[in-house]
Amino acid sequence: MAPKQASEWQKRQKRKRLDELVKSQKGAMQKFLTPNPPIVDVEKEQNVDVEVEREHEEVEQEQERVEVEDEQDEEHVEKRFSATIYTRTLSNLKKCDREWLVYSKELDKMFCFCCKVLRNGAPKGRLGGVGFDYWHHATGRVREHEVSLDHLINTKKWFDLRKRLKSDDTIDKFQYEQFKKEAEYWKQVLFRIIALIKFLAKHNLAFRGNKEKLYEKGNGNFLGLVEMLEEFDPVIKEHVRRITSDNIHVHYLGHKIQNEIIVMLADEIKKELIKNIKEAKYYSIILDCTPDSSHKEQMTIIARYVKFSSNSIIVKESFLGFLNANDTTGKGLFDVTYAELQNLGLEIDNMRGQGYDNGANMKGSHQGVQKRFLKENPRAFYTPCGSHSLNLTLCDMAYSCVKGKSFFGHVQRIYTIFANSINRWQILKDNVKNWSLKSLSQTRWESRFESVKAIKLQLDDVRETLLEVGETDSDAAIAEEALALA
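So, how was this worked out
- Residues numbered from 1 in each chain as written.
- Predicted model: local features only at pLDDT ≥ 70, side-chain atom pairs only at ≥ 80, totals over all residues.
- Heavy atoms only, no water.
- Patch = residues over 30% accessible without salt bridge, like charges linked within 9 Å, V, L, I, M, F, W, Y side chains within 5 Å.
- Areas by Shrake-Rupley, 256 points an atom, 1.4 Å probe, with all protein chains shown as cover.
- Salt bridge = Lys/Arg side-chain N within 4 Å of Asp/Glu carboxyl O.
- Lys, Arg positive; Asp, Glu negative; His and termini not counted.
- Charge placed at Lys NZ, Arg CZ, Asp CG, Glu CD.
- Helix = DSSP H or I, 4+ residues; strand = E, 2+ residues; numbered from the N terminus.
- Buried < 20%, exposed > 50% of the residue type's maximum accessible area, 1.4 Å probe, protein only.
- pLDDT = per-residue confidence, 0-100.
- Contact = heavy atoms within 4.5 Å.
- Arc of directions from axis to C-beta.
- Polar contact = N/O pair within 3.5 Å; in protein donor to acceptor, adjacent residues only side chain to side chain.
- Expected span 1.5 Å × (residues − 1).
- Phe/Tyr/Trp six-rings, centres within 6.5 Å; stacked < 30°, edge-to-face > 60°.
- Lys NZ or Arg CZ within 6 Å of the ring centre and 35° of its normal.
- Axes fitted to C-alpha atoms, helices over the stretch in contact; angles between N-to-C directions.
- Parallel < 35°, antiparallel > 145°, perpendicular 65-115°, else oblique.
- Left-handed = near helix turned anticlockwise from the far one by under 90°.
- Nonpolar A, V, L, I, M, F, W, Y, C, P; charged D, E, K, R; others polar.

### Some thoughts on a negative patch on the surface
Now for step 1: On the surface, a cluster of negative charge is contributed by D430, D460, D461, E464, E468 and E471.
Now for step 2: The element best represented in the negative patch is helix α17 (residues 459–472), accounting for five residues.
Now for step 3: If you trace the backbone, E468 turns up in helix α17.

Below, the structure is given as structure tokens:
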């Protein structure tokens, strides 16, 4: 390990002690320098030599003590970068900025920009190379570096280059103009691609088709919009020309860049929503689970909060995403939700409400999600979903009545007769003009109302259709069932 360098303050202290020692010994030898040579006393000479040796030993001990104190002082120096290093104090006490000095938070090191970028050959010192991080020597090292010949030469190069860049008087001026022009071109292309992605996402439209090439049938909505813009927009027209003539291979129209931009837009939207929730401070959560097309349980998480503005107060509900719920127990759903809230930076202590359905894993008073959140925050009151509670009440009322069960059974059988055959459904369409028949739903009572409404308002037409099916259908069982229902 390289020995530690003494700081400027330590050097000054050391010089001060040596000066004091020299002053204390001033004139000590005058008593030995007299006009008349004295009689030499051997014993006195020996005593003087002993005193001189003792004084030298004392000086050495004093130097060792100073060095030990300096090392102890270095240990107490705060080892981190200070913003005061950016400022240089001149001999006339005027202060100026060290424009060449840069600090990297990630590396926790400082660099000389000029020497790092414009030096020739190997770096002479850490400031122009790997970076300087010995903070107890930082001030002295910076002062030494800024007066070095290499630094002054590199600084002059930097100032000259900056001056030429401002006046567009560089030797690569033409290449630089081409570079700026190309950069602006790609900026405009990406601007239009992002606008197309925002349009499709906003209207919930599919992006891709069977093909991923321009001017091929079935290439999807995204490439179709690019083809449409090519007829009107000069930037897209030039971009399509480059693609079709094989001038470029990176065109930013593939599915990977689409997905990346979608994720970036989603992250920005989510950041804005989280910002609004944090400004409101207090919030409630709404959770619901449902299996997707791949038979995986997905849980939606929605935050409900109050948004304040200068002229209005609005209650907002913001969708924050889908969560994979592999474990549908109360503990599993709680762990997933708790981890997501922490990941979003929302404080559990600021939660003031919970809204779920009436499932045992959600509303359970001992092991349910609502109970577990109440243990974390007693102010997060649970309110069951009103629509789901009303739906359960109506279903229980209907199934508790024998006539009610029989009635809805007949409604479902009428729908099934027509839905199971294309020919019978065509007969229904020919006879029933206004409302089509609908199947019953096990979860939504309002869908049952629509099913009953289609039969009630068109009862005569539905009866005539059933009679026609009973007379013309080749399936004896279906014909008999249709006549019985008619």
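### Side note on a positive patch on the surface
Now for step 1: A contiguous patch of positive charge, built from K11, R12, R15 and R143, is present on the exposed surface.
Now for step 2: Take the positive patch: its biggest share by element is three residues, from helix α1 (residues 8–24).
Now for step 3: For R12, the position within the fold is in helix α1.
Now for step 4: For R12, a relative accessible area of 43% gives the class partly exposed.

### Considering the confidence of the model for the chain
Now for step 1: This prediction gives the chain a mean pLDDT of 81; 86% of its residues lie at or above 70.
Now for step 2: This stretch, residues 65–78, has a pLDDT under 50; its non-local contacts, to residues over four places away or in other chains, come to 15 contacts.

### Considerations on the side chain of E230
Now for step 1: Tracing the sequence through the fold places E230 in helix α7 (residues 220–230).
Now for step 2: Those residues within four positions of E230 in sequence are excluded, and the remaining contacts are Y215, I236, K237 and V240.

### What to know about helix α18 (residues 476–485)
Now for step 1: Here α18 has its buried residues at I478, A479, A482 and L485. Take α18 and look down its axis: the buried residues cluster within an arc of 130°, on one side only. Away from its buried face by more than 90 degrees, α18 exposes A476, A477, E480 and A484.
Now for step 2: If you check the start of α18, you find a side-chain oxygen 3.1 Å away from the backbone N of A477, and it comes from D475.

### Quick look at helix α5 (residues 149–166)
Now for step 1: Counted at 1.5 Å a residue, the expected span for α5 with its 18 residues is 26 Å, and the 26 Å between its end C-alpha atoms agrees.
Now for step 2: Three or more residues of α5 are buried, namely H151, N154, T155 and W158. Here the buried residues of α5 occupy an arc of 105° about the axis, which is enough to place them on one side. The exposed residues of α5 that point more than 90 degrees off its buried face are L149, K156 and K163.
Now for step 3: Once α5 ends, the next one or two residues include D168, with phi positive near 55°.

### Describing the packing of aromatic side chains
Now for step 1: Tallied over the full model, the rule gives 16 aromatic pairs.
Now for step 2: Where Y185 meets W186, the ring centres are 5.3 Å apart and the plane angle is 70°; that geometry is what we call edge-to-face.
Now for step 3: Judged by its relative accessible area of 11%, Y185 falls in the buried class.
Now for step 4: Ring geometry for F334 versus F373: centroids 4.9 Å apart, planes at 70°, classification edge-to-face. In this pair, F334 is assigned in helix α10 (residues 330–344) and F373 in helix α12 (residues 369–376), connecting sequence segments 39 residues apart. Assigned by exposure class, F334 and F373 land together as buried.
Now for step 5: Three or more aromatic residues joined by ring pairs make a cluster, and in this case those are F81, Y86, Y103 and W135.
Now for step 6: For R162, the ring lying beneath its charged end belongs to W158, and the centroid distance is 4.8 Å.

### Structural notes on the packing of α10 against α12
The description of two packed helices rests on the angle between their axes and on the distance between the axes.
Now for step 1: Direction vectors running N to C along α10 and α12 enclose 50°, while the axes themselves pass 8 Å from each other. As far as their axial angle goes, α12 and α10 are oblique. α10 and α12 meet at a crossing whose hand is right-handed. Across the interface between the two elements, G330, K331, L333, F334, T337, Y338 and L341 of α10 pack against V369, R372, F373 and E376 of α12.
Now for step 2: Partitioning the contact of α10 with α12 into residue classes produces six nonpolar, two polar and three charged.

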